[in-house]
Amino acid sequence: GDDRGADGEPLTVGEWALLIDDIVEHPDQNTEALWNVASPEEDDREYDAIFIGGGAAGRFGSAFLKARGGRQLTIDAWPFLGGSCPHQACVPHHLFSECARELDLAKHMQGKLWYPEFDASKASILEIVKLFRAGRGMPHAIMNWQSKEQLGMEYILNAAATVIDEHTVEVDGRRFQAKNLVLCTGARTDFPAEISGLDRKGVYDFASLIEELDEEPTRCVIIGGSKVALEYGSFFQATGCQTTILTRSPLLRTASLHHVDEGLRDYVIDMMVDRGIEIVEGAQTLDVLGDDRVTGVRYRDANGEIVEVETDFVFVGTGERPDLRMYEPLGLKIDDRGFVVADATMRTSVPNVYAVGDLLGPPMEMFKARKCGVTAARNIMGEHHEFDFSEYPDFFHTTYEVTWCGLSEAEARTEYPNVIKIQMPPDDADPESFALPAAEGSMLYAFTRPILSGWLKLLVDADSRKIVGAHHVGYGAKDAFQYIDYLIRRPEGFTIDQMADLNELFLNPEHFIQLSRLRAGQMSLVSL
Ligand code: KPC
Ligand code: COM
């Protein structure tokens, strides 16, 4: 289990990829752990922290603790660091969403310009899954290589950790002691116990889709209305696989998503329906039908009628929960939803035990995982540091990229008496003939069917002139929202005048700068 090449040199990224792929494909023949642990001669200090789980939270926490001069050990059951992101979650999700966007454009433009007739038989979900599966060794390898060669982290991979007590972990037959434990094992799909038949072949979640899909689906039913449901549903539909979403609560109005603007919601859902997705809100899924294989799904609709849909493919997107069984020896305080209770320094109810990332509940997002890990590391290294993740910029994909930060229009109007908005298309426009936003990335839509070219809204408190919310459906605006969120949440805020003073890189993916400039001359702001 020594992660060195035959020549004693550190493994290259390419060598790591081959090794990891081999272990992932043949786990039974690769039961040995991968050790990258300093010998007592190299380092005889006690560990400041053992990170259980080397995903985004554990890896960033570990790297930061090490950078601060501490000693860490990171343990992961998978043979790579980076966790579910490069293996089953964010990275494949983004591959699929990029495919969804490409396929959507190919379908929209078919028979025009150089676009051939859309051939759904060429858009295979299975093939794209296989493409990801064949290539994921590379991002895995980079995580291991970077963590070892550049960040100097110590880790043991391909080995399950057993928690003995708050200072002791057993792994690969050896016990390790540390001043602190940081729990970073993430979450997995919470399969609703009340729905029967979820064990049938043909039922997948984001993880088993990657690991187990072996036939091309012809019809899809999605159970749940989470971000994952919207994103994967949009991808399946874009490949030509007719998709139905069964959701109990209305889409985009769930408690785990905040500040969703009603105008943004309407546009997003209208555009999903425009692509042919069937959305059933108020649906209570009862059972997944079939013998061995799935043949259909039965649900109760909002009127209490029992409805049956035939399908050979069911995707569960009902949200995620952590599996906390391995932490039972610690006696952690758990909340009523099944998440670990921790304070803003990531300390749990047990002294010297920290919990981070998805273990703490929503938002189950990358920034939160990584910054939780870093927060634990900073506190362990003696700095008092708090991380409040109650406000953040948010996003998801359909065939569009949807981004927002700050307040929705309804929230802004509750909080401020004098709100103006900049919105494209405006409320009174006919969106089928109003060819804006027409931002970067949506020109082919804007010139062929304007309504498809996206949607945006900027909310301004006209009294202070501060921007209080931004909402966008289009392409490529995620970067801007990372910064807008920061700017508008500074104590001094960010005004429409300051926005108007920025230098746009025209034609930009969001048009907030120039649209702000068109209005900023006004002493008394009015909507645009
Ligand atoms: C695409 C991929 O493998 C993601 S790995 C993380 C890259 S970064 O966030 O820049 O460290
Ligand atoms: C990204 C994984 S794929 S991590 O957050 O860099 O560890």
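No experiment lies behind these values; they were computed from the predicted model shown. For every chain, the first residue of its written sequence is number 1, and the numbers climb from 1 along that sequence. Written order determines the labels here, with chains lettered from A and ligands numbered from 1. In view of the model being predicted, local features appear only for residues whose pLDDT reaches at least 70, and side-chain atom pairs are presented and counted only at 80 or more, with totals across whole chains, interfaces and linings using the full set of residues. Remark: hydrogens and water are excluded; side-chain values derive from all non-hydrogen atoms of the structure.

## Notes on the confidence of the model for the protein
Cut-off, in case you're wondering: Each residue carries a pLDDT score, the predictor's own confidence in it, on a scale running from 0 to 100.
A residue-level look at the protein finds 99% of positions with pLDDT of 70 or above and a mean pLDDT of 97. What the predictor reports for the complex is a pTM of 0.96 with an ipTM of 0.78.

## So, the nonpolar core
For clarity, the threshold we go by: By convention a nonpolar core is built from buried Ala, Val, Leu, Ile, Met, Phe, Trp, Tyr and Cys residues, the set being connected through side-chain atoms within 4.5 Å. Throughout, exposure labels follow a simple rule: accessible area from a 1.4 Å probe, protein chains only, divided by the maximum for the residue type, with under 20% read as buried, over 50% as exposed, and the rest as partly exposed. Note on conventions: DSSP H or I runs of at least 4 residues are helices, E runs of at least 2 residues are strands, and numbering of each starts at the N terminus. Two residues qualify as a contact provided that any one of their heavy atoms is within 4.5 Å of a heavy atom in the partner residue.
Leu209, Phe236, Leu252 and Phe315 are the most contacted members of the largest nonpolar core, which totals 51 residues. Per-element accounting of this core gives the leading share, 7 residues, to helix α8 (residues 227–238). With sequence-adjacent residues up to four places away left out, Leu252 is seen in contact with Leu230, Leu257, Val260, Arg265, Val268, Ile269 and Phe396. One finds Ala49, Tyr327, Tyr354 and Ile380 within the second-largest nonpolar core, a separate group that totals 44 residues.

## With respect to the state of the cysteines
Our working rule: Throughout, a disulfide means two cysteine sulfur atoms within 2.5 Å of one another.
The final tally for this structure, using the stated rule, is 0 disulfides. Its sulfur unpaired, Cys99 is 14 Å from the next cysteine sulfur, which belongs to Cys241. Relative accessible area serves as the criterion here: at 17%, Cys99 is assigned to the buried category. Among the cysteines around Cys220, which has no disulfide bond, Cys241 carries the closest sulfur, lying 5.3 Å off.

## A closer look at the site of ligand 2
For clarity, the threshold we go by: If a single non-hydrogen atom of a residue is within 4 Å of a molecule or strand, that residue counts as near it. Nitrogen and oxygen atoms within 3.5 Å of one another constitute a polar contact, given that in protein one can donate a hydrogen and the other can accept it, and given that sequence-neighbouring residues count only through two side-chain atoms.
Around ligand 2, the structure places Ala56, Arg59, Phe60, Gly82, Cys85, Pro86, Met143, Met366 and Arg370. A distance of 2.8 Å separates an oxygen atom of ligand 2 from a polar side-chain atom of Arg59. Take Arg370: an N or O atom from its side chain is 2.9 Å from an oxygen atom of ligand 2. Put simply, the parts of the chain that give the shell around ligand 2 at least two residues each are α2 (56–67), α3 (84–87) and α10 (366–380).

## Comments concerning the sheet that holds strand β14 (residues 294–300)
The test is simple: By definition, two strands form a pair when at least two bridges between them are found by DSSP. To obtain each axis, a line is fitted to C-alpha atoms, and for helices this fit is confined to the stretch in contact; angles are then taken between N-to-C directions over 0 to 180 degrees.
The strand order across the open sheet built from 3 strands is β13-β14-β15, with neighbouring strands paired in antiparallel fashion. Sheet topology places β13 (284–290) and β15 (306–310) at the edges, where each strand pairs with a single neighbour. Across the sheet, the mean angle separating the axes of adjacent strands is 25° when strand polarity is ignored. Strand direction decides the pairing type here: β13 and β14, joined by 6 bridges, are antiparallel. From the neighbouring strand, Val288 faces β14, where its bridge partner is Val297.

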